[in-house]
Amino acid sequence: MTLQGYLRPDGRKGIRNIVAVAYLVECAHHVGRQIISAFDGQEVHLIGFPGCFPNAYAQRMMERLCTHPNIGAVLLLSLGCESFNKYSLSKIIEESGRPVKTLTIQNDGGTRSTIAAGRVWVSKQLENLACDVRVPMDISELIVGTVCGGSDGTSGITGNPAAGRAFDSLVAAGATCIFEETGELIGCEEIMADRAVTPELAEELRAAVAKAARYYATLGYGSFAPGNADGGLTTIEEKSMGAYAKSGASPISGLIKPGDIPPRGGLYLMDVVPDGEVRFGFPNISDNAEIVEMIASGCHMVFFVTGRGSVSGSAISPVIKICANPDTYRRLEEDMDVDAGRILEGRASLDEVGQEIVTLLQDVAGGKPTKSESLGHQEFILTYKSFEPIGPACLPA
Amino acid sequence: MGSGAPLTHADDPRLLLLSEKDNVFVCREDIPAGERVRVGEGGVTLAKTISRGHKIARHEIAPGAKVYKYGAPIGSAIAPIAPGDHVHVHNVKSDYTPSHFFDIQEVIKK
């Protein structure tokens, strides 16, 4: 399985060539939105962090996102007085070999002139990036994530296990695959731990789920929305068993945290629940927060399994929408890339849909837009969190 | 579920049995109230419509007993459940964190 990608100076390859416009506090968000509005339909994406208080996690996430292989150039937008360390971020982007420019609204003449200057710089970058050519990219250079959202009673029977079959094929071919949301693996800890490549990693997997259970118990709500109940899911552990199916059946090679880039091919679990006492609220306040974290860990592309029918895409990396429920697919066909509900109606097998996902992944890697990309979805959200580094048992040699 | 095999069927093609260990079936499609389903001894007439993706009991489940789906426990019964009954938030609770929904009558109507 050979793909095509853009070679970056750090040796990684991207499947898109995007100019990122990154606001470093909410006060610069409007200027960013106005800059990108001049480039509708082009590869210019808006990302950012809204907070004015410093946060090591957010700083690291923005570093990873701005140096993601799908990004070719970055415009940083500062108001001027916020706590975000724009100097360090700019230096890291520059050292990655990417063009970077910082505009500071308070010094650059305010809203109107910053928008104008930003548009000029972005136009120039698009012209330069248009000259880049794709080079062969091995499947072992690809990182794929999977999330599920808007789950119902069909998700765990069709869409998630089909995504799991795709993961199994990709891992076997040498790719890196990441699954996540330890809060949606509550109840699966023992069966999941049995798949760890070492007993020490198994212990880390159990501990990560136990941490999630404690965290959500403190907050009073699990990762369970009213739409899940409407769709036939009764408890978080039932939702978890369905969500778990998207990990496939490969051995679990490691446990990472947001922003950690897996060292080699294999299947990895991402621990998204903060460490320490409960501080900044819910771990991931919506599906896109998880998608952003997977992208920060290097995902070139994300599989998103939905039963109720999420329409979300993402900034930076294409999202392939796998629809688990055949009724939802008929209602939202324009938003869905894969009709996994055929499995429920006896019109396709799990393996057939799994293979269809892998074939689509190759097309999308080669430049074919996903449904959410075509519709202009570029959701992005990043909030406060705090993490300790992973322990030595998390990435067995 | 075996590789490439069709989904495991119960005796009734409208119902899925995901694991032999399970005490619930999953409805593959909406099954209207009044329909006979092949559950328990001699079958059961559904008291209400059960929507696609929802569960009905395969066996009697006593209060406090675990409910199994995918061969794994997904919560505990909080009321007596008879074969063919809708199994949902009105008669099962999580053994971890409570489920969040708006109006229980609306949820179990589905």
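**Side note on the overall build of chain A**
Moving on, step 1. When helices and strands are counted, chain A shows 13 helices and 14 strands.
Moving on, step 2. The C-alpha atoms of chain A give a radius of gyration of 20 Å, which matches the 21 Å a tight globule of 397 residues would have.
Moving on, step 3. The buried share among the 397 residues of chain A stands at 58%.
Moving on, step 4. A sequence separation of at least 24 residues applies to 75% of the contacts in chain A between residues at least 6 apart.

**Comments concerning the domain arrangement of chain A**
All names here are of chain A.
Moving on, step 1. Considered domain by domain, chain A is made up of domain 1 (18–131) and domain 2 (137–394).
Moving on, step 2. Each of domain 1 and domain 2 was reduced to a C-alpha centroid, and the two centroids are 28 Å apart.
Moving on, step 3. If you look at the interface, domain 1 gives 17 residues, while domain 2 gives 15 residues.
Moving on, step 4. With six residues, helix 2 (residues 56–66) is the single largest residue contributor to the side of domain 1 that touches domain 2.
Moving on, step 5. For the side of domain 1 that touches domain 2, the class distribution of residues is ten nonpolar, five polar and two charged.

**Overview of the interface of chain A and chain B**
Moving on, step 1. Taken together, the contact between chain A and chain B spans 35 residues of the former and 34 residues of the latter.
Moving on, step 2. Contributing elements (two or more residues each) for the side of chain A that touches chain B: helix 7 (199–219), helix 8 (226–230), helix 9 (236–244) and helix 12 (350–365) of chain A.
Moving on, step 3. Per-element accounting of the side of chain A that touches chain B gives the leading share, four residues, to helix 9 of chain A.

**Section: the packing of helix 1 (residues 29–37) of chain A against helix 4 (residues 110–129) of chain A**
Relative placement of two packed helices is described by the angle separating their axes and the distance separating the axes.
All names here are of chain A.
Moving on, step 1. Close contact between helix 1 and helix 4 brings their axes to 9 Å; oriented N to C, the two are set at 45°. Looking at the two axes, helix 1 sits oblique to helix 4. In the crossing of helix 1 with helix 4, the sense of the turn from one axis to the other is right-handed. Contacts from Val31, Gln34 and Ile35 of helix 1 reach helix 4 at Thr111, Thr114, Ile115, Gly118, Arg119 and Val122.
Moving on, step 2. Along the lines of polarity and charge, the residues of the contact of helix 1 with helix 4 split into four nonpolar, four polar and one charged.

**Observations concerning the pairing of strand 12 (residues 301–306) of chain A**
In the case of a regular strand, side chains alternate between the two sheet surfaces.
Residue and element names in this part refer to chain A.
Moving on, step 1. By the criterion of burial, strand 12 is predominantly enclosed, with six of the six residues buried.
Moving on, step 2. The sheet contact formed by strand 12 and strand 13 (residues 319–323) spans five bridges and is parallel. Bridging across to strand 13, Thr306 finds its partner in Cys323.

**Some points on the sheet that holds strand 8 (residues 86–87) of chain B**
All names here are of chain B.
Moving on, step 1. Read across the open sheet, the four strands follow the order 1-2-5-8; overall the sheet is antiparallel. Of all strands in the sheet, those bounded by a partner on one side alone are strand 1 (15–16) and strand 8.
Moving on, step 2. Here three bridges tie strand 2 (residues 24–27) to strand 5 (residues 55–57), and the two strands are oriented antiparallel to one another. The residue bridging Val26 from the neighbouring strand is Lys55, located in strand 5.

**Some thoughts on the sheet that holds strand 5 (residues 71–78) of chain A**
All names here are of chain A.
Moving on, step 1. Read from one edge to the other, the open sheet built from four strands follows the order 4-3-5-6, with strand pairing classed as parallel. In this open sheet, the two strands that pair with only one neighbour each are strand 4 (44–48) and strand 6 (100–104). Shown here is a sheet whose adjacent strand axes are inclined to one another by a mean of 20°, direction ignored.
Moving on, step 2. Looking at chain direction, strand 3 (residues 18–23) and strand 4 are connected through five bridges and run parallel. Across the sheet, Tyr23 pairs through a bridge with Gly48, a residue of strand 4.
Moving on, step 3. Where helix 2 meets the sheet, it contacts strand 3, strand 4 and strand 5, and its direction lies at approximately 160° from that of strand 3.

**Considering unusual backbone geometry**
Moving on, step 1. For Ile316(A), which is not glycine, the phi torsion reads 75° and is therefore positive.
Moving on, step 2. Within the element layout of this structure, Ile316(A) appears in the loop between strand 12 and strand 13.
Moving on, step 3. The class for Ile316(A) is buried, based on 25 C-beta atoms found within 10 Å.
Moving on, step 4. Within the chain, Tyr70(B) stands out as a residue other than glycine whose phi angle is a positive 60°.
Moving on, step 5. Its location among the elements puts Tyr70(B) in the loop between strand 6 (66–69) and strand 7 (72–77).
Moving on, step 6. Overall, the presence of 23 C-beta atoms within 10 Å leaves Tyr70(B) in the buried class.

Analysis parameters
Residues numbered from 1 in each chain as written. Chains lettered and ligands numbered in written order. Predicted model: local features only at pLDDT ≥ 70, side-chain atom pairs only at ≥ 80, totals over all residues. Helix = DSSP H or I, 4+ residues; strand = E, 2+ residues; numbered from the N terminus. Rg over C-alpha atoms; globule rule 2.2 N^0.38 Å. Buried ≥ 20, exposed ≤ 12 C-beta atoms within 10 Å, placed from the backbone. Contact = placed C-beta atoms within 7 Å. Domains from an automatic or database assignment. Nonpolar A, V, L, I, M, F, W, Y, C, P; charged D, E, K, R; others polar. Axes fitted to C-alpha atoms, helices over the stretch in contact; angles between N-to-C directions. Parallel < 35°, antiparallel > 145°, perpendicular 65-115°, else oblique. Left-handed = near helix turned anticlockwise from the far one by under 90°. Pairing = 2+ DSSP bridges.

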